[in-house]
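# Secondary and tertiary structure notes
Here is what each chain is made of, one letter per residue.
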Amino acid sequence: VINSAERAGARKVYLVDEPMAGALGVDMPVTEAQGSMIVDVGGGTTEVAILALGGPVAVKSVKIAGDNLDNAIIDYIRKNHNLQIGPLTAETLKKTIGSASDEGEEKTLEIAGRDTLNLMPRKAVMNSEDIRHALEPALKGIMRAVLDCLELAPPEIGSDLLEQGITVVGGGALLPGLATYISEGTGLPCKIDDDPLTAVARGTARFLED
């Protein structure tokens, strides 16, 4: 990456840790002594970090993220409904009726796919509960990373997080109920950034300005 940027004409190249960029993008006080915690649920990985004094206190990265959530839906529907669907349909299900916790109204969506028994096209109706069951194993993996990161942090930092809470960014943050799911699993307040998709890009711009 550094060589490519230099060949493209950059005078100097810096690499920025993604959680730090995300934290700056959502205006976390990362340069102060108090701890800040960010969860960045991207497409291929989930990065969890506790930051203080301008650097990481504890970091955990797992290869479970948005793509895994889509694949989990595909596998679940194939096994439980004998229906093969593609990644676009899985993403539509996730965004339309998917959720991490059972808050809010239950929704349904009719989808089309290929019957795995006779290989013919077929329609089926999925509901929110189906998608929650499908997402549960992947969400447990993300929760495990959050808990592992909290266990790595010093006790003093942990007490800061009782007030500061956890902020979630990245495309996966758009899954309804994710903040409630993380909050219930950790006992800490959790919120989703207003514009989670651009948090890392905004933070990288802050690095350039400073």
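Refer to the preceding data block for the structure.
Everything in this summary refers to the structure shown in the same document. Bear in mind the structure is a predicted one, so any value in this text is a computation, not a measurement. (Residues numbered from 1 in each chain as written. Predicted model: local features only at pLDDT ≥ 70, side-chain atom pairs only at ≥ 80, totals over all residues. Heavy atoms only, no water.)

## Points about the sheet that holds strand 6 (residues 121-127)
Strand order in the open sheet formed by three strands is 4-5-6, and the pairing between neighbours is antiparallel. The two strands at the open ends of the sheet, each matched to only one other strand, are strand 4 (83-84) and strand 6. The sheet strands contacting helix 4 (residues 87-96) are strand 5 (108-115) and strand 6, and the helix crosses strand 5 at an angle near 165 degrees. (Pairing = 2+ DSSP bridges. Helix = DSSP H or I, 4+ residues; strand = E, 2+ residues; numbered from the N terminus. Contact = heavy atoms within 4.5 Å. Axes fitted to C-alpha atoms, helices over the stretch in contact; angles between N-to-C directions.)

## Focus on unusual backbone geometry
Positive phi is not limited to glycine here, since Asp 27 has a value of about 60 degrees. Relative to the helices and strands, Asp 27 resides in the loop between helix 2 (18-25) and strand 1 (36-41). Looking at Asp 27, the relative accessible area reads 57%, which means it is exposed. Here Asn 82, not a glycine, exhibits a phi torsion of approximately 50 degrees, which is positive. For Asn 82, the location among the structural elements is in the loop between helix 3 (66-81) and strand 4. (Buried < 20%, exposed > 50% of the residue type's maximum accessible area, 1.4 Å probe, protein only.)

## Quick notes on helix 3
For helix 3, which comprises 16 residues, the first-to-last C-alpha distance of 22 Å matches the rise-based estimate of 22 Å (1.5 Å per residue) to within 8%. Those residues of helix 3 hidden inside the fold are in contact with strand 1, strand 4, helix 4, strand 5, strand 6 and helix 5 (128-152). Two residues or fewer past helix 3, Asn 82 is found with a positive phi of approximately 50 degrees. (Expected span 1.5 Å × (residues − 1).)

## Digging into the nonpolar core
Core analysis: the biggest nonpolar cluster contains 46 residues, and Ile 73, Ile 77, Ile 85 and Leu 93 have the highest contact counts within it. Excluding residues that lie within four positions of it along the chain, Ile 77 makes contacts with Asn 82, Leu 83, Ile 85, Leu 93, Ile 111 and Met 126. In this structure, Leu 24, Val 26, Met 28 and Val 30 belong to the second largest nonpolar core, which totals eleven residues. (Core = buried A, V, L, I, M, F, W, Y, C linked by side-chain atoms within 4.5 Å.)

## Observations regarding the side chain of Ser 36
You can see Ser 36 is positioned in strand 1. The exposure class assigned to Ser 36 is buried, which follows from its relative accessible area of 2%. Beyond its immediate sequence surroundings of up to four residues, Ser 36 is in contact with Met 28, Pro 29, Ala 49, Ile 50, Leu 51 and Leu 161.

## Notes on the pairing of strand 5
On a regular strand, one side chain projects to one face of the sheet and the next to the other, so that they alternate. When strand 4 meets strand 5, the two strands line up antiparallel, connected through two bridges. Looking at strand 5, one finds that Gln 84 is bridged to Arg 114. Two elements, strand 5 and strand 6, share seven bridges in a ladder whose sense is antiparallel. Note that in strand 6 the partner of Ile 111 across the bridge is Ala 124.

## Some remarks on a negative patch on the surface
On the surface, a cluster of negative charge is made up of Asp 102, Glu 103, Glu 129 and Glu 184. Here Glu 129 lies in helix 5. Among the residues examined, Glu 129 registers a relative accessible area of 41% and is labelled partly exposed. (Patch = residues over 30% accessible without salt bridge, like charges linked within 9 Å, V, L, I, M, F, W, Y side chains within 5 Å. Areas by Shrake-Rupley, 256 points an atom, 1.4 Å probe, with all protein chains shown as cover. Salt bridge = Lys/Arg side-chain N within 4 Å of Asp/Glu carboxyl O. Lys, Arg positive; Asp, Glu negative; His and termini not counted. Charge placed at Lys NZ, Arg CZ, Asp CG, Glu CD.)

## Looking at the pairing of strand 1
By the criterion of burial, strand 1 is predominantly enclosed, with six of the six residues buried. The alternating pattern of strand 1 places Ser 36, Ile 38 and Asp 40 on one face and Met 37, Val 39 and Val 41 on the opposite face, and all of these are buried. Taken together, the six bridges between strand 1 and strand 2 (residues 46-52) define a ladder with antiparallel strand orientation. Bridging across to strand 2, Asp 40 finds its partner in Glu 47. Bridge count for strand 1 against strand 7 (residues 166-169) is four bridges, and the pairing is parallel. Residue pairing across strands places Asp 40 opposite Val 169, the latter belonging to strand 7.

In short, geometric facts, not functional conclusions.
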